Amino acid sequence: MEKIVTDFVHYLKIERGLEENTVKAYLGDILGFRAYLDKKDKGLLTAELDDLYGFFGQMREKGRTASSILRCISSLRGLYRFLIEKGAIKANPLDLVESTRKGLQLPEFLTVSEVGALLQAPDSRTMWGKRDRAILELLYATGGRISEVLNLKPEDINLNGSYLILYGKRKKERVVPFGDPAKAALEDYMDLVRPVLVAQTGEQHLFLNRFGRKISRQWVWKRLRGYSLLAGIKKSISPHVLRHSFATHLLTYGADLRTVQVLLGHADISTTQIYTHLKFKELKKVHEKYHPRG
């Protein structure tokens, strides 16, 4: 970990020729994030989007200004671009973080009607459409991280009780309910499609590709992009956008923050609090539309 930071500082000084004060500011931001990750038993190379929002939420709680948060985003984005160039990581976790002069904003989230169109995009008359519909339904119904959903095994699903067990960071379990649409899609896949696929390999994971093996995150990402085009959605889509949509819709329709925190598997409430400004934004739209003095 020390070598990562040292190499990046050297890059800033020698290759980019930045002034000492600028390098110190970059270093302070990175060390602050690293200290936050240390408390979660994680490192810079394994940080995910939720970790970033938790850190930025903590900065807000401590009274850090929007400009200092924006500078931190810039510092970390530069670090992860450097790590990609060095081949240490494959993707920049800040690619979905949007920053503006007003501060930090969440990645795009879908409206209820957009989610409905997306979930209808897979052709459920086909094997692959049944499988893909089940994956999308679960992502939205549970707010699960894509890694959590793809790591599911049949024994983690309770169809009679309409709930499942997700295994989050550090293998921490949480029980999450799902509704009838997700249940129907799951039953369709588990009864009619998975038995055909699993017969090839005996694979233990729930969702399988055409070779009977566990589906990859990259594959779901590409598939999701294709379905968003079919649904006529022009926003930038990723599995994490469905997680954000899940949280935003729950809060918008009256769920309390603690409940959403538990469902999302956030260890720190500050990570969940990033959604509250979205809830207010939606409520403000309703107020403007329907209040006589809105």
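Look up a bit, the structure's there.
These notes cover the structure that comes with them. (Residues numbered from 1 in each chain as written. Predicted model: local features only at pLDDT ≥ 70, side-chain atom pairs only at ≥ 80, totals over all residues. Heavy atoms only, no water.)

1. Let's talk about the overall build of the chain
Okay, so step 1: Across its full length, the chain holds 14 helices and five strands.
Okay, so step 2: Here the chain holds 294 residues, and the buried ones make up 48% of them.
Okay, so step 3: Taking as baseline every contact in the chain between residues at least 6 positions apart, the subset at least 24 positions apart corresponds to 57%.
Okay, so step 4: On the chain, roughly 15,400 Å² of surface is accessible, and the fraction owed to carbon and sulfur atoms is 52%. (Helix = DSSP H or I, 4+ residues; strand = E, 2+ residues; numbered from the N terminus. Buried < 20%, exposed > 50% of the residue type's maximum accessible area, 1.4 Å probe, protein only. Contact = heavy atoms within 4.5 Å. Areas by Shrake-Rupley, 256 points an atom, 1.4 Å probe, with all protein chains shown as cover.)

2. What about unusual backbone geometry?
Okay, so step 1: Not every positive phi belongs to a glycine, and Asp41 is a case in point at roughly 60 degrees.
Okay, so step 2: Backbone geometry at Ser162 places phi at a positive 55 degrees, although glycine is not the residue there.

3. Some details on the packing of helix H3 (residues 49-61) against helix H4 (residues 66-85)
Okay, so step 1: At a minimum axis distance of 10 Å, the contact between H3 and H4 shows a crossing angle of 155 degrees. Judged by the angle between their axes, H3 and H4 are roughly antiparallel. As for the relative orientation of H3 and H4, their crossing is right-handed in sense. Each of Leu52, Phe55, Phe56, Met59 and Arg60 in H3 lies in contact with H4, whose residues at this interface are Ser68, Ile69, Cys72, Ile73 and Leu76. (Axes fitted to C-alpha atoms, helices over the stretch in contact; angles between N-to-C directions. Parallel < 35°, antiparallel > 145°, perpendicular 65-115°, else oblique. Left-handed = near helix turned anticlockwise from the far one by under 90°.)

4. Here's the deal with the pattern of salt bridges
Close approach of charged atoms lets side chains of opposite charge pair.
Okay, so step 1: Summed over all chains, the structure comprises 16 salt bridges.
Okay, so step 2: Of the charged contacts in the structure, one is a salt bridge between Glu20 and Lys13, with a shortest N-O distance of 3.9 Å.
Okay, so step 3: Between Arg71 and Asp29 there is a salt bridge, with the nearest N and O atoms lying 2.8 Å from each other. Here Asp29 lies in helix H2 (residues 20-39) and Arg71 lies in helix H4, a separation of 42 residues in the sequence.
Okay, so step 4: Owing to a relative accessible area of 3%, Asp29 belongs among the buried residues under this scheme.
Okay, so step 5: Overlapping salt bridges bring together Asp50, Arg145, Glu148, Arg174 and Arg243 as one network. (Salt bridge = Lys/Arg side-chain N within 4 Å of Asp/Glu carboxyl O.)

5. Description of the packing of helix H1 (residues 2-15) against H4
Okay, so step 1: Packing of H1 against H4 brings their axes to within 11 Å, and their N-to-C directions diverge by 100 degrees. Judged by the angle between their axes, H1 and H4 are roughly perpendicular. For the pair H1 and H4, the contacting residues are Ile4, Asp7, Phe8 and Tyr11 in the first and Ser75, Gly78, Leu79, Phe82 and Leu83 in the second.
Okay, so step 2: Class assignment of the residues belonging to the contact of H1 with H4 gives a composition of six nonpolar, two polar and one charged. (Nonpolar A, V, L, I, M, F, W, Y, C, P; charged D, E, K, R; others polar.)

6. Examining the side chain of Ser75
Okay, so step 1: Here Ser75 is to be found in helix H4.
Okay, so step 2: Its relative accessible area of 1% is what places Ser75 among the buried residues.

7. A word on helix H8 (residues 180-192)
Okay, so step 1: Given a rise of 1.5 Å per residue, 13 residues ought to cover 18 Å, and the 18 Å separating the end C-alpha atoms of H8 matches this to within 8%.
Okay, so step 2: Taken together, the buried positions of H8 are occupied by Ala182, Ala185, Leu186, Tyr189 and Met190. When H8 is viewed along its axis, its buried side chains cluster within an angular range of 125 degrees and face the same direction. Every exposed residue of H8 that faces more than 90 degrees away from the buried side is listed here: Asp180, Pro181 and Asp191.
Okay, so step 3: Buried residues belonging to H8 abut helix H6 (127-142), strand E3 (157-158) and helix H9 (194-201). (Expected span 1.5 Å × (residues − 1). Arc of directions from axis to C-beta.)

8. Here's the deal with the nonpolar core
Okay, so step 1: If you look at the biggest cluster of nonpolar residues, it comprises 50 residues, and the most contacted ones within it are Leu186, Tyr189 and Phe207.
Okay, so step 2: Of all the elements, H6 adds the most residues to this core, at six residues.
Okay, so step 3: Apart from the residues within four sequence positions on either side, Leu186 is in contact with Ala134, Leu138, Ile157, Leu159, Phe178, Leu206 and Phe207.
Okay, so step 4: If you look at the next biggest cluster of nonpolar residues, it comprises 31 residues, including Tyr11, Ile30, Tyr36 and Ala47. (Core = buried A, V, L, I, M, F, W, Y, C linked by side-chain atoms within 4.5 Å.)

9. Topic: the sheet that holds E3
Okay, so step 1: Read across the sheet, three strands follow the order E3-E4-E5 without closing on themselves; strand pairing throughout is antiparallel. For this open sheet the edge positions go to E3 and strand E5 (173-177), each flanked by a neighbour on one side alone.
Okay, so step 2: Of the pairings in the sheet, the one linking strand E4 (residues 163-167) to E5 comprises five bridges and is antiparallel in character. Residue pairing for E5: Tyr167 is matched across the bridge by Glu173. (Pairing = 2+ DSSP bridges.)

10. Some remarks on the pairing of E4
Residues in a regular strand project their side chains so that they alternate between the two faces of the sheet.
Okay, so step 1: What you see with E4 is a clean split: Leu164 and Leu166 sit on the buried side and Tyr163, Ile165 and Tyr167 on the side with no burial.
Okay, so step 2: From the end of E3 to the start of E4, which pair antiparallel, there are four residues, and Ser162 there has a positive phi angle of about 55 degrees.

11. Side note on the packing of aromatic side chains
Okay, so step 1: Summed over the entire model, instances satisfying the criterion amount to eight aromatic pairs.
Okay, so step 2: Note on Phe8 and Phe82: the rings are 5.4 Å apart at their centroids and 55 degrees apart in plane angle, and the pair reads as tilted. Of the two residues, Phe8 is situated in helix H1 and Phe82 in helix H4; the sequence distance between them amounts to 74 residues.
Okay, so step 3: Phe82 gets classed as buried once you look at its relative accessible area, which sits at 6%.
Okay, so step 4: Both rings, one in Phe55 and one in Phe56, keep their centres 6.0 Å apart while their planes meet at 45 degrees; by these two values the pair is tilted. Here Phe55 and Phe56 have matching classes, each one buried.
Okay, so step 5: Taken together, the ring pairs in this structure connect Phe8, Tyr11, Tyr26 and Phe82 into an aromatic cluster. (Phe/Tyr/Trp six-rings, centres within 6.5 Å; stacked < 30°, edge-to-face > 60°.)

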